[in-house]
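# Coordinate analysis (summary)
These are the residues of each chain, in order.
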Amino acid sequence: MNRRDLLRLTAYASSLVLAGRLPLLSAGRQKSRPRRQQQPARQTSAAKRNIFTEPPAIEPVTGYLGKFRPVATGTMRGDFAVKYDLIRWGPVNNKTGRARNIVSGSLEIVRKVNGRDTVYETVEHRTGQTTSRVTTKLNCRGKLDAVVRWTAVSDVMNGRNAQTDLKFEEHGIVSNGNIVRNNKLGTIESVNSHTLLPQEALLSLLAGDIVKSDDLHFDMLQNGLVIKPNQTLYYSGQIQIPVAGRTATMDCYAQTGYGILPTHYLADEHGRVQLITQQNTNWALKKLS
Amino acid sequence: MVKKRPNILFIHVDQLHYQTISAYGNPYLKTPALDRMVSDGMSFMEMYTTMPQCCPARASWYTGRMSTETGVPVNSCPLDPNLPDLGQWLRKHGGYDCVYAGKWHIPNRDLSKSFRQIFGSGMGEHNDASIARAAVGYLQNHSGDKPFFLNVGFMNPHDCCYTAGAGGGCGKFSFAKEIADKLPPLPENFLYNPNYAARTRGWKDLQWRYYIYSYYRLVEMADAEIGRLYNTLANSRFADNTLVIFTADHGDGLGFHGRVSKGYMEEQAWHVPAILIYPGRIAKGKRDTEHLASGVDIPATICDYAKVPMLPKMTIGRSLRPVLEGKSPAWRDFVIGESMLGVGQVGIRDKQFKTILYGNDTAKIYDLKNDPLEKHDLAGIEQGKAVMQRHMGYMRRYISSIEPAPVPAGNQLGIKYKNIYEKYNSWYKQILKEA
């Protein structure tokens, strides 16, 4: 986004603030912002220093988008299985105006509705100097898929094999706002301030209209192992982004809160979350079935 | 005998501003894990790194020597191969299981020869959670009589240097307008100088505030992983027999004086937080403001509690143990830090005043008691002259105490780095000569 657009939108945001239509910091569900006008992505000029070139949601993945083909079939409602590639951002000193993005891992999620429970089974791999793997099984309940119990196993990989002396396993239970986590070393108890949702559950929520009409306030269980309280997820309007061979229009949702950088979820017209961008760790949908 | 040695958990983060723990009163972020550690142990509120840059500060932690002594006066310079490090030392003299996860960043020292490396390094958002999980995995499986010396080096909040923009730009900074109501204000001592850093040129207030906002989120990101680790330890059988140390290699500008990053001697870069916990031995919740502490005190304290000899030639470092255990030891009058970037800088801090000497014969002087945000430079005025005279005496004492690493022979390191060794060697000789 260029400076002129920034000033225009800042004035627009200021008017919303004055009208009391931007979110407050207090908890609770609020009406979401009015949908903003479409923001087309601009081509980056190599000669121009890039501060506000792209819509913020795609800044960390501009080097990947040119080869990204959004998945065109399937749904993230009901039972589904997805695979995301982890798209890492790396510093770049060239003049291409595009980020250096490399695939550095994957995230597979299977969601199954089983009676009154919804079960998520997740495997995440991250590669780098060392490769890690986290396997979780989450039992969730209710309209939002609030987590009620879960198991998480963390491994450090040595090639294809997990190092047994670095394995960590933990079981969690949520009951009446109290969280109890048990592992071989002991028990950790805490209290949640909002409904505890696993990050995986956001996919099916975004496939529906629930977040489009109301801001969502929740505590987030990440990887089954870390709890990040006081999160807000809201609808942030539509944006157009360049993908392989075309321009795609996406619904953009933004998440802010404790312990996360602003995170954007880009969902297509069928509610399929195609991209999740943070800062140097981002996710691109690879498969949906 | 070996059974009586305590376990040691050394947690360090990268680039943590000294005022970014919510228990200390910062309302713009929440750090529940660090807050718990503050209430479980003793905070050294006047802790200073030896050099506010990654490699030199870390080389000092692990060798016990000042940055001009280790051979690592700035990033990328190689550690003197003759200096033992804490991993080698505690393994040899204490029979410790020396384990390392995360960021090391000490050039010319093979981590895997000094420690068992259980997880590597990488950007914080990508790697820190995996580092914490590897560390708790180690704890969950640790057995036998050997005490452990577990080192966990988180990268964040250093990701503030990697804003993930296209073509090296500012990433999601344009999102600032959408969360303008959540952005913290600029610091009271914000005074932007376009000469400070190329990357901040053109930033308006909104971008500065977004930088600060996202920095706080990165601190919280590290806090969440520290909590994962610390809460596991604190609820385990190891809790009562483990010394926990938390600190940072250096701070971050965070908009103070209109700056970001590190490498200079203003408080935001030089001053770091430090928390030490040892149930039953260290007072809970105490915040020490009396003792000026240095990064080289960390290895001295570790050696003391581990019941091993001090690392060789620890010229400046002193064990914090007497202070931690409520005694009143005679303590240093001043603490010194060095940065050999640019023209070279030395920070000299006593209980009230601080002088920053520059290699181009200029100086800044601050009354930190009455001006903690360093807004009023006393250099050149009457009050400053007396401080300068006293601090130059401290500086000469300091130079006489240390053993500066000599200029390397030959041109293996290249002229750029060779000049850095020459810089402090000739500068310090000149200071002594002028006396």
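Residues numbered from 1 in each chain as written. Chains lettered and ligands numbered in written order. Predicted model: local features only at pLDDT ≥ 70, side-chain atom pairs only at ≥ 80, totals over all residues.

### Describing the overall build of chain A
- Counting its secondary structure elements, chain A contains four helices and 17 strands.
- Counting every position in chain A, which comprises 289 residues, the buried fraction comes to 46%.
- For chain A, long-range pairs separated by at least 24 residues make up 53% of all intrachain contacts whose partners lie at least 6 apart in sequence. (Helix = DSSP H or I, 4+ residues; strand = E, 2+ residues; numbered from the N terminus. Buried ≥ 20, exposed ≤ 12 C-beta atoms within 10 Å, placed from the backbone. Contact = placed C-beta atoms within 7 Å.)

### Overview of the overall build of chain B
- On a plain count of helices and strands, chain B comes out with eleven helices and 15 strands.
- For 435 residues, the compact-globule formula gives about 22 Å, and the C-alpha radius of gyration of chain B, at 21 Å, lands near that figure.
- Over its C-alpha atoms, taken along the principal directions, chain B stretches across nearly 60 × 60 × 45 Å.
- Per-residue burial over chain B gives 59% buried out of 435 residues.
- A sequence separation of at least 24 residues applies to 68% of the contacts in chain B between residues at least 6 apart. (Rg over C-alpha atoms; globule rule 2.2 N^0.38 Å.)

### Examining the interface of chain B and chain A
- Contacts between the two partners involve 55 residues from chain B and, on the opposite side, 61 residues from chain A.
- Going through the elements one at a time, β5 (116-119), α5 (124-141) and α6 (205-234) of chain B are the ones with two or more residues in the side of chain B that touches chain A.
- Residue contributions to the side of chain B that touches chain A peak at 13 residues, all from α5(B).
- Tallied by class, residues from the side of chain B that touches chain A come to 19 nonpolar, 21 polar and 15 charged. (Nonpolar A, V, L, I, M, F, W, Y, C, P; charged D, E, K, R; others polar.)

### Here we look at unusual backbone geometry
Residues and elements named next belong to chain B.
- Geometrically, the link from N156 to P157 is a cis peptide bond, its omega value of 10° lying close to zero.
- Within the chain, S76 stands out as a residue other than glycine whose phi angle is a positive 85°.
- Here S76 is to be found in the loop between α2 (54-63) and α3 (86-94).
- Given 16 C-beta atoms within 10 Å, S76 falls into the partly exposed group.
- Positive phi values are uncommon outside glycine, yet H105 reaches one of about 60°.
- As for its position among the elements, H105 is in the loop between β4 (97-102) and α4 (111-114).
- Overall, the presence of 21 C-beta atoms within 10 Å leaves H105 in the buried class.

### Some remarks on the environment of S261(B)
- Topologically, S261(B) is positioned in the loop between β7 (242-248) and α7 (267-270).
- Non-local contacts of S261(B), meaning those with residues more than four positions away in its chain, are made with C161(B), A197(B), D252(B) and G253(B).

### With respect to the nonpolar core
Residue and element names in this part refer to chain B.
- Membership of the largest hydrophobic core comes to 145 residues, with the highest contact counts inside it found for V99, I118, A134, A135, L229 and L276.
- Among the elements that line this core, the one with the most residues is α6, at 17 residues.
- Each of domain 1 (2-324) and domain 2 (335-434) contributes no fewer than three residues to this core.
- With residues near it in sequence (within four places) discarded, L229 still touches I11, A132, A135, V136 and V152. (Core = buried A, V, L, I, M, F, W, Y, C linked by C-beta atoms within 7 Å. Domains from an automatic or database assignment.)

### What to know about the environment of V152(B)
Residue and element names in this part refer to chain B.
- Following the sequence through the fold, V152 ends up in strand β6 (residues 148-153).
- Given 28 C-beta atoms within a 10 Å radius, V152 is considered buried.
- Spatially, the C-alpha atom of V152 lies 20 Å from that of R5, the residues being 147 residues apart in sequence.

### Remarks on the environment of D297(B)
Residue and element names in this part refer to chain B.
- Within the fold, D297 resides in helix α8 (residues 297-306).
- On a C-alpha basis, the gap between D297 and G317 in space is 4.4 Å, while along the polypeptide they are 20 residues apart.
- If we ignore the near neighbours within four places in the chain, the residues touching D297 are G317, R318 and L320.

### Describing the domain arrangement of chain B
All names here are of chain B.
- Taken as a whole, chain B is organised into domain 1 (2-324) and domain 2 (335-434).
- Here domain 1 and domain 2 have C-alpha centroids that lie 24 Å from each other.
- On the domain 2 side, the residues contacting the 29 residues of domain 1 number 23 residues.
- The class makeup of the residues in the side of domain 1 that touches domain 2 is twelve nonpolar, eleven polar and six charged.

### Structural notes on α6(B)
- Given a rise of 1.5 Å per residue, 30 residues ought to cover 44 Å, and the 42 Å separating the end C-alpha atoms of α6(B) matches this to within 8%.
- Burial analysis of α6(B) places 26 of its 30 residues in the buried class, the great majority of the element. (Expected span 1.5 Å × (residues − 1).)

### A word on the sheet that holds β4(B)
Residue and element names in this part refer to chain B.
- Strand order in this open sheet of eight strands is β5-β4-β6-β1-β7-β9-β2-β10, and the pairing throughout is mixed. In this open sheet, the two strands that pair with only one neighbour each are β5 and β10 (286-288). Mean inter-strand twist for the sheet, computed between neighbouring axes without regard to direction, equals 15°.
- Here β7 runs beside strand β9 (residues 274-277); their pairing, made up of four bridges, is antiparallel. (Pairing = 2+ DSSP bridges. Axes fitted to C-alpha atoms, helices over the stretch in contact; angles between N-to-C directions.)

### Some points on the packing of helix α10 (residues 382-401) of chain B against helix α11 (residues 415-434) of chain B
Residues and elements named next belong to chain B.
- Remark: α10 packs on α11, axes separated minimally by 10 Å, with the N-to-C direction vectors making an angle of 125°. Taken together, the axes of α10 and α11 lie oblique to each other. By crossing handedness, the relation of α10 to α11 is classed as left-handed. For the pair α10 and α11, contact is made by M395, R396 and I399 and by Y428, I431 and L432, respectively.
- Split by residue class, the contact of α10 with α11 holds five nonpolar, no polar and one charged. (Parallel < 35°, antiparallel > 145°, perpendicular 65-115°, else oblique. Left-handed = near helix turned anticlockwise from the far one by under 90°.)

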